[in-house]
Amino acid sequence: MILVIDDEKIFPFKEAGKDAVYARTIEEGRRLLGDAAELEELWLDHDLGGEDTIRPLVLELAARAFHGDPKPIGRVVVCSLNRPGADWIVSTLERYYPVLRCTDPDQLHDLLGPGDAVWYQR
């Protein structure tokens, strides 16, 4: 399973033959992450609307891994246009998980193949 924690983006997973579940808030992301036995991929955006960010959840994942109980995740994909935020996520998680960064539509096409993503709906 792929879990996406992002308040707005929609990715063309179906075109790539993959199934994904979306969490639009950090609380929903925590619940879905906790319910999943393991994840093929975890896609993270830094900014989750208003003042909310993914940082508390990233710190929880890093602390769990540091203490020898990492969540089984095949890879983390950081897909955020907030470059400093994306850098922070990558630097926090890369010692525990394989991490890819996706900061523009061209990189997304490299990961998923052809298909249109909705980056922001505003």
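Rules behind the numbers
- Residues numbered from 1 in each chain as written.
- Predicted model: local features only at pLDDT ≥ 70, side-chain atom pairs only at ≥ 80, totals over all residues.
- Heavy atoms only, no water.
- Helix = DSSP H or I, 4+ residues; strand = E, 2+ residues; numbered from the N terminus.
- Rg over C-alpha atoms; globule rule 2.2 N^0.38 Å.
- Buried < 20%, exposed > 50% of the residue type's maximum accessible area, 1.4 Å probe, protein only.
- Areas by Shrake-Rupley, 256 points an atom, 1.4 Å probe, with all protein chains shown as cover.
- Pairing = 2+ DSSP bridges.
- Axes fitted to C-alpha atoms, helices over the stretch in contact; angles between N-to-C directions.
- Contact = heavy atoms within 4.5 Å.
- Parallel < 35°, antiparallel > 145°, perpendicular 65-115°, else oblique.
- Nonpolar A, V, L, I, M, F, W, Y, C, P; charged D, E, K, R; others polar.

1. Section: the overall build of the protein
Check the secondary structure of the protein and you find 4 helices and 5 strands. Tracing the protein from N to C terminus, the helices and strands come up as β-β-α-β-α-β-α-β-α. Compactness check: the protein gives a C-alpha radius of gyration of 13 Å against a globular reference of 14 Å for 122 residues, within 12% of the reference. In terms of its C-alpha atoms, the protein occupies a principal-axis envelope of roughly 40 × 30 × 25 Å. Per-residue burial over the protein gives 42% buried out of 122 residues. Carbon and sulfur atoms make up 51% of the accessible area of the protein, which amounts to about 6,400 Å² in all.

2. Focus on the sheet that holds strand 4 (residues 73-78)
With parallel pairing, 5 strands are arranged side by side in an open sheet as 2-1-3-4-5. Of all strands in the sheet, those with a lone pairing partner are strand 2 (20-23) and strand 5 (99-101), marking the two edges. Adjacent strand axes in the sheet meet at a mean angle of 20 degrees when their direction is disregarded. Pairing geometry for strand 1 (residues 2-5) and strand 2, over 4 bridges, is parallel. Each residue of the ladder has a partner; that of V4, found in strand 2, is Y22. Together, strand 3 (39-44), strand 4 and strand 5 form the strand contacts of helix 3 (residues 83-93), whose direction differs from that of strand 5 by roughly 165 degrees.

3. Concerning the packing of helix 1 (residues 26-35) against helix 2 (residues 55-66)
The interhelical angle for the contact between helix 1 and helix 2, taken along N-to-C directions, is 25 degrees, at an axis separation of 10 Å. As judged from the angle between their axes, helix 1 and helix 2 are roughly parallel. For the pair helix 1 and helix 2, the contacting residues are I26, G29, R30 and L33 in the first and P56, L57, E60 and L61 in the second. Here the contact of helix 1 with helix 2 is composed, by residue class, of 5 nonpolar, 1 polar and 2 charged.

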